[in-house]
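Report on the structure
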Amino acid sequence: MYPDQFEFHRADSVSEAVELLADNPDAELIAGGHSLLPTMKSGLASPDALVDISDLDGLSGVERNGEVTHLGAMTTYATVADDDDLWEDATVVAEAASQVGDRQVRNRGTVGGNIAHADPASDLPAAMLAANATVHVHGPDGERSVEIDDFFQGMYATAAGEEGVVTGIDVPEEGENTASAYVKKPAPASGYALVGVAARLTFDGDEVTDARIAANGVMDHGTRLPAAEDAIEGESVDADAVAVAGDAAGDSLDEYMVMEDQQASQEFRLQLLSAYTERALETVGERAGHM
Amino acid sequence: MATDEREGGSDRIETVEADDVDAADILGSAIERQEDPSLLTGEAEYTDDIQLPEMTHMAMLRSQYAHARLADIDTSEAEEMEGVVAVFTAEDLDVSGALPVGWDLDSLRNVDNPIMVEDRIRYQGDVLALVVAEERYQAHDALDAVDVEYERLEAVTDPSDALAEDAPVIHEEEGTNEAFDWDIGDADDTEAALEAADNVVELDVTNQLLIPNAIEPRAVVADYDPSDDLLDVQMTTQNPHVHRLLMAGVIDHPEHRMRVRAPDVGGGFGSKIHHYADEALVSWAAKQVERPVKWQATRTESYLTDAQGRGHETHGEIAVDDDGTIRGLYVDTKANLGAYLSTFSPSIPTYLYGTLLSGQYEIDNIYCEVTGAYTNVVPVDAYRGAGRPEASFIIERLVNRAADAVDMDPAEIRKKNFLDPDDFPYETPVAMEYDSGDYHKTLERAMEAVGYDEFRERQEQAREEGRYLGIGFSCYIEACGIAPSELVGELGAGAGLWESGLVRFTPSGTVRAMSGSSGHGQGHDTTFSQILANELGVDYDDIEVVEGDTDAIPQGMGTYGSRSAAVGGSALVESARKVVEKARKIAAHQLEADPEDVEFEAGEFQVAGAPDRSTSIQDVSLEAYLAHDIPDDMEPGLEATTFYDPSNFVFPFGTHVAVVEVDPDTGEVAFEDYVAVDDVGNQINPKIVEGQIHGGIAQGVGQALFEGAEYDDNGQLVTGSMQDYAVPKSFHVPEMETESTVTPSPENPLGVKGVGEAGTIAAPQAIVNAVVDALEPLGVDHIEMPLTNERVWRAAGGGDD
Amino acid sequence: MERTIELTVNGTDHQVTVEPRTLLIHALRDEMGYTGPNVGCESSVCGACTVHVDGEAVKACTELAVRAEGSEVTTIEALGDEDDMHPLQESFQEEHGLQCGYCTPGMVMTAAVFLEEEPDPDRAEIREALEGNLCRCTGYQNIVNAVESAAAEMAGAVEPATDGGTAVEEGGD
Ligand SMILES: Cc1cc2nc3c(=O)[nH]c(=O)nc-3n(C[C@H](O)[C@H](O)[C@H](O)COP(=O)(O)OP(=O)(O)OC[C@H]3O[C@@H](n4cnc5c(N)ncnc54)[C@H](O)[C@@H]3O)c2cc1C
Ligand code: FES
Ligand code: FES
């Protein structure tokens, strides 16, 4: 309940935050604080210094630039989940944000913090993968953009690195023939995803021409499910195709790397993955009017 | 009572304001609780809200390992830290410092239970050192600076493992982990009955360890005044007098110079009954530093120390004839007691368990054996229900299995074996005498409420569509208000289980009442005021009920085991009646009549047949204190105290029914319906009764589906935080439809039974029976609690094993 | 390392000196005496500590006091007092939505902003909204009832009820 002492810096700019982090390897960025503070309170983390980026102008808010929606890193889940346009343009992202934690958590936790922290059981990684987002990172070497497929690298490890600050995420608009969904099996105690599946399908008539399907909670980081994607591409979203894709969901994963803990065995996680992949695809199918 | 049909199922009981209730109807009205405004506005004062001048904060260093030898401990660095006032270890203790156990059994191996350990660590909650500092944060900082060297020992967490030959022995001086060996009922007759019956059905169940989870963690503020040697302790307690008595011995402080108070207490569910090392250490430390000391457990600390509940491994056998008649029941239980004996722990898996195994049924032969085992887990003691849920679970599961074995409907087999209303008082083969009951009525009401026949048709249809619906019954019995004291003494209790109640008129005619019960969310101020308003004919608002203060209240045994209304409430009734009798004599004296001719009704004394010759109890009260003109042989004043010792337990009962749909693909269980028909005797405040039932069911839902304290092989608690231990959330608990029947208890003047634990006792087996019923077509006949999705999925055939 | 921060609590300006690590809940309870919000866990799950920060429900145990600098914080103490309770406080009493009361300040504060955003919720939405507030006593049903009736009361309340009763002419569902 009682965090250890640390120094507190309120960054005035992203570059200052990057410098502070580079100068002190034991410093941590604090965004919404909803992953960091619980671990500090329970004594699992004890950074020397915190660099607060919550007051920086321009880091928070939802902005539309043509066919892309820009989410500032400090945008809260509540803001994202309340954005009606985003529910239209990138349903999967709004839906995932609406399912993070509880109301109080959603009022404080941030989209940047969520993907930068890269907790395997978080909700946004799979949603961002399905949405084909682009992440903006400001690091010691300047600014760069990272394709979401290259962003998640392992448990709590991302392409932003230890010293990079995620400044925002670009989410492309789904377009008329595309629909998406996020479905989640929350762990009863923590509410985090035991398994969460995000799917975005593009159709030509009834036929799926492009599928991006990804999962949280199953591997050590949010992961695409290529076997499920292949299974549904070229098919129409009917019960049979959905079942085949659900069955295939785990096929592309390295079975030995599937998460196992007191909540669920590897075998059961894979079972949930199949069932929730089916549910995600059914939901997308319904939304697209194909089921 | 007024009800109002709304969305969400059940008829809602509407509350009323006390002012709107006719005096004659006060008992039995759903009056809004008088405790609520202060709780709702932040005015309430919980222990951690207390601020005293010069107050210090304490933190306790607990063990990294569940089983180890404490090789060395160095506090020198911690002592130097900023804000640290003092650091203590067992070496510094100058008092006896061993926690007592309040219940003895013939075979009990009692063991030393030190408040700080010097040598041997037996569970993670053992205290190795304590720090007193100026600020909370500083006290916790200093804990990190205490240097401890451990020599680790092999740990054991399950009772059957602990009782095995080669298990590491936790209390070496005993040479075994067996804490006791106890039995009840007739072994030979039961064996014969099992042999003679057409069928014997067996079942092995684990009744998992549960963490009580009062949302307020335990806390203590102790203040010592050396000039008078007075120790003032405010703490999260369900029984301040018991804590005072026990603590006096543990820290060698005279009981009469100690005050224990319960401020507002944020739930208990048993966990705040027991005497823990913590309050003794806080109090002792306050004497050492001669400044007030405050401690509040962190949640993790609560999980590592609050006495846990259940923890049974049970083998059961039920004998049933082909016509459904139950012939006998045999139960063999290994009970986890944890690292030490907690305050009442020997009684829980014995007298509160084995004696309830007859359930609602006429079973001529019952035999139960229980072996208690020491393990390296948190001590196990009373948690809501305490023994009775375990008993009800095993019977109600076995009855379902028996129904399957003879191909009978689960409701029919219950009806066939129920005791009938004219069987009461009924003596069971396991030493209980049931007071009253009408078991058919609650089951029938429940079946009607769920639409049983219609459900079976729907179930049939759903099965054809590949959907799995199930229904589960739980016809439970509970025993509350353990009594009388002489009997519990014979059974081994180190305490009497009476309750005290003092009713005192003020000269101006208002009433202050003191009860030895100690509520912590149950609304005693409201219900006890209702009782007294009814007895005394005084305005509800003119009554103040005082609880939770050893200085104000004569004596008390506290609130647990659903005893407060039946025992505490009855004590107040008896005192009120004594007061009325004395007042009647004064009134007669004033009215120049024979006391026998003076009638008392609605607060007025009146000479029979002479309506103009009357006086009010308020006027009499003034006369009693003026004492200018009262009968010659009478002392002034108007008050009375009763130590009410009931003649027997009371036995609430009821039927709960769960209707669920199960998805065998994911193991997910969804509630379609939950119906509870409870009979808790007369109801003083039906809204409060309903609230107790709801809350109880929610905890039962928790046990059935989500909860369980889990330890790894080293005895480390794996479910160490609320992120890991699933306390049910708002959407985990179904909409509940609650109804009641009323069979008054003949045992007490209020005709009440008890309601605090009913829901928790009833719910788990209703839910498990329902899930098993749903999956019957897949050949499922048992699933262990908690019914996690994975367990249900595996039972339904998923997975490799 | 300590710093002095300014913030407004329940309309009163405060200056408090805290360490960077001081959690908002401890600043409120121990430094400023607002003991309405409670502490029930360290894993940010129970919600007993819920207050409003700039109008949003926040778990005060999961925020640093230094980061609340300049904020407006509202605790249960400001929602209404014993003689003049907020409709939610009234409905919690009428519907018996509390027993021990320890979860209640957090529960009510979460419900209060929720009803501002969603004045006419159904029961499932209410349960969903209270996901971040654990209650061990009530089994939630009467809490859901309380939030439901407060919504009806607030929707129908052209003028405040004088008898404290829940009778409403309209609103609700
Ligand atoms: C009770 C509870 C339930 C929760 N349930 C869920 C859930 O269901 N699903 C879910 O997804 N999450 C859940 N969370 C976690 C929550 O979503 C966190 O908000 C999120 O994981 C981290 O975001 P944050 O802004 O709070 O980051 P912080 O806690 O402030 O930071 C977390 C880490 O990320 C780093 N970081 C933060 N922002 C950036 C940035 N812009 N650039 C680089 N590094 C950064 C920090 O240095 C830190 O190491 C829950 C949390 C709680 C307390
Ligand atoms: S105290 Fe439990 S969530 Fe804040
Ligand atoms: S009323 Fe006790 S925890 Fe909710």
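Residues numbered from 1 in each chain as written. Chains lettered and ligands numbered in written order. Predicted model: local features only at pLDDT ≥ 70, side-chain atom pairs only at ≥ 80, totals over all residues. Heavy atoms only, no water.

What about the interface of chain B and chain C?
Our working definition: Working rule for contacts: check all heavy atoms of both residues, and any pair within 4.5 Å makes them a contact. The quantity reported as buried area is the accessible area (1.4 Å probe) lost by two parts once they are put together, taken as the sum for both. Each salt bridge in this description consists of a side-chain nitrogen of Lys or Arg and a carboxyl oxygen of Asp or Glu lying within 4 Å of one another. By the criterion applied in these results, polar contacts are pairs of N or O atoms within 3.5 Å in which, for protein atoms, one can donate a hydrogen and the other can accept it, and in which residues neighboring in sequence qualify only through two side-chain atoms. Helix and strand definitions here come from DSSP, where helices need a minimum of 4 consecutive H or I residues and strands a minimum of 2 consecutive E residues; each element is numbered from the N-terminal end. Each residue receives one of three labels: charged for Asp, Glu, Lys and Arg, nonpolar for Ala, Val, Leu, Ile, Met, Phe, Trp, Tyr, Cys and Pro, and polar for the others, Gly being one of them.
Every contact between the two is made by 63 residues of chain B and, on the other side, 56 residues of chain C. The contact between chain B and chain C buries some 5,100 Å² in all, and 49% of this surface belongs to carbon and sulfur atoms. Together, Leu 40, Tyr 137 and Ile 215 of chain B form the three largest contributors to the area buried by chain B at its contact with chain C, with a combined 15%. Summed over the shared surface of chain B and chain C, the number is nine salt bridges. Residue Asp 49 of chain B is joined to Arg 29 of chain C by a salt bridge in which the shortest nitrogen-to-oxygen separation is 2.8 Å. Put simply, chain B and chain C have 35 residue pairs in polar contact (both at pLDDT 80 or more) between them. At the level of secondary structure, the elements contributing two or more residues to the side of chain B that touches chain C comprise helix H1 (36–40), helix H3 (136–144), helix H8 (299–305) and helix H17 (686–706) of chain B. It is H17 of chain B that contributes the most residues to the side of chain B that touches chain C, nine residues altogether. Partitioning the side of chain B that touches chain C into residue classes produces 21 nonpolar, 23 polar and 19 charged.

A few points about the state of the cysteines
Heads up, the rule is: Throughout, disulfides are identified as pairs of cysteine sulfur atoms within 2.5 Å of each other.
By the definition in use, this model includes zero disulfides over all chains. No disulfide involves Cys 368 of chain B; its nearest neighbouring cysteine sulfur is the one of Cys 480 of chain B, lying 20 Å away.

Some details on the packing of helix H6 (residues 240–250) of chain B against helix H7 (residues 277–289) of chain B
All names here are of chain B. Stated precisely, the cut-off is as follows: Under this scheme, a helix contributes an axis fitted over its contacting stretch, all axes are lines through C-alpha atoms, and angles between N-to-C directions fall in the 0 to 180 degree range. Crossing handedness is read from the near helix: turned anticlockwise from the far helix by less than a right angle, it gives a left-handed crossing, and turned clockwise, a right-handed one.
In contact at an axis separation of 10 Å, H6 and H7 are set at 65° when each is read in the N-to-C sense. Note that H6 runs across H7; the crossing there is right-handed. Listed contacts from H7 to His 243, Met 247 and Val 250 of H6 are Glu 279, Ala 280 and Ser 283. Along the lines of polarity and charge, the residues of the contact of H6 with H7 split into three nonpolar, two polar and one charged.

Comments concerning the pairing of strand E17 (residues 365–374) of chain B
All names here are of chain B. How we decide: Burial here depends on accessible area, computed with a 1.4 Å probe over protein chains only, as a share of the maximum for the residue type. Under 20% is buried, over 50% is exposed, and the range in between is partly exposed. Paired strands, in this sense, are two strands between which DSSP finds at least two bridges.
The buried fraction of E17 amounts to nine of the 10 residues, a majority that puts the element mostly inside the structure. Sheet topology places strand E9 (residues 178–185) next to E17; seven bridges connect them, and they run antiparallel. Paired with Ile 184 across the strands is Cys 368, a residue of E17. With 10 bridges joining them, strand E16 (residues 326–338) and E17 adopt parallel strand pairing. Across the sheet, Asp 332 pairs through a bridge with Glu 369, a residue of E17.

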